[in-house]
Amino acid sequence: MAGQACKIIINGMLRSISQSLEEILRSPAVRDVMLSNKACDGLIQRMADIDIATYHGLTLPHGGLVGIIKELEAAGVFTDEVWKILARPQ
């Protein structure tokens, strides 16, 4: 039963992160302001590549969603505070 509960939480987290990243990359506050339209479209395509790889049971390309988060952090779209929420408490 604990495994099922963990799976539900993991699925919810991944879904929320994916939806949030897509919303960020489609936002007028980011597109051609913080990142070029081309860069945003490229990251959305990378997310699609990750979804396709997941569906087919392949290795996640581009460092998975974490790779995209790190790239957005490096571009200044958001700060390292995101890691305080995503990181496991020590």
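All residue numbers refer to position in the chain's written sequence, counted from 1. Totals for whole chains, interfaces and linings use every residue, but because this is a predicted model, local features are given only for residues with pLDDT of at least 70 and side-chain atom pairs only at 80 or more, for both listing and counting. With hydrogens and water set aside, each side-chain value is computed from the structure's full complement of heavy atoms.

**Student:** Tell me what's going on with the overall build of the protein, and back it up with residues and numbers.
**Tutor:** Along the protein, the regular secondary structure elements total four helices and zero strands. The numbering of helices and of strands both runs from the N terminus, where a helix is a DSSP run of H or I of at least 4 residues and a strand a run of E of at least 2. Ordered by position from the N terminus, the helices and strands of the protein form the series α-α-α-α. Oriented by its inertia axes, the alpha-carbon framework of the protein measures out at about 45 × 35 × 20 Å. Contacts in the protein between residues far apart in sequence, at least 24 positions, make up 38% of those at least 6 positions apart. Contacts are assigned to residue pairs that have any heavy atoms within 4.5 Å of one another.

**Student:** Outline helix α3 (residues 64-74), supporting the account with residue identities and numerical values.
**Tutor:** For the exposure calls, accessible area comes from a 1.4 Å probe over protein chains only, and a residue counts as buried if that area is under 20% of its type's maximum, exposed if over 50%, partly exposed in between. Along α3, the residues that are buried comprise Gly64, Leu65, Gly67, Ile68, Ile69 and Leu72. Close packing links the buried residues of α3 with α1 (2-26), α2 (37-56) and α4 (81-86). Trailing α3 by a residue or two, Gly76 shows a phi angle of about 80°, which is positive.

**Student:** Quick rundown of the environment of Met13? Include the residues and the values.
**Tutor:** Mapped onto the secondary structure, Met13 falls in helix α1. Distance in space between the C-alpha atoms of Met13 and Asp41 is 23 Å, their sequence separation being 28 residues.

**Student:** Could you give me a rundown of the nonpolar core, with the residues and numbers involved?
**Tutor:** Here, nonpolar core means buried Ala, Val, Leu, Ile, Met, Phe, Trp, Tyr and Cys residues that are tied together by side-chain atoms lying within 4.5 Å of each other. Judged by nonpolar contacts, the single largest core of 15 residues is most densely connected at Leu21, Leu25, Leu35, Ile68 and Leu72. Sorting the residues of this core by element identifies α1, α2 and α3 as the ones contributing at least two each. The dominant element in this core, judged by the number of residues it contributes, is α2, at five residues. For Leu35, the residues in contact, after removing those within four places along its chain, are Leu25, Val30, Cys40, Leu43, Leu72, Ala75 and Val77.

**Student:** Could you give an account of the side chain of Ser18, naming the residues involved and the relevant values?
**Tutor:** Summarising the element assignment, Ser18 is placed in helix α1. Beyond its immediate sequence surroundings of up to four residues, Ser18 is in contact with Met47 and Leu65.

**Student:** Just give me the short version of α1, but keep the residues and values in it.
**Tutor:** By this rule the span expected of a helix is its residue count minus one, scaled by 1.5 Å. Helix length check: α1, at 25 residues, gives a terminal C-alpha distance of 36 Å against a target of 36 Å (1.5 Å per residue), a fit within 8%. Those residues of α1 not exposed but buried are Gly12, Ser18, Leu21 and Leu25. On the buried face of α1, the contacting elements are α2 and α3.

**Student:** Describe the confidence of the model for the protein, with residues and values.
**Tutor:** Taken residue by residue, the protein gives an average pLDDT of 90. The fraction at 70 or more is 96%. pLDDT expresses how confident the predictor is about each individual residue, on a scale running from 0 to 100. The least confident element of the protein is α4, whose mean pLDDT is 81; the most confident is α2, at 95.

**Student:** Describe a nonpolar patch on the surface, and please don't skip the residues or the numbers.
**Tutor:** Within the patch definition used here, like charges are joined within 9 Å and nonpolar side chains (Val, Leu, Ile, Met, Phe, Trp, Tyr) within 5 Å, considering only residues with over 30% relative accessible area and no salt bridge. Accessible surface is estimated by sampling points in the Shrake-Rupley manner with a 1.4 Å probe; for residues, cover comes only from the protein chains shown. Here, a salt bridge means any Lys or Arg side-chain nitrogen found within 4 Å of an Asp or Glu carboxyl oxygen. A cluster of nonpolar residues, Ile9, Ile10, Met13 and Leu14, forms a patch on the protein surface that exposes about 390 Å² of accessible area. Tracing the backbone through its elements, the reader meets Ile9 in helix α1.

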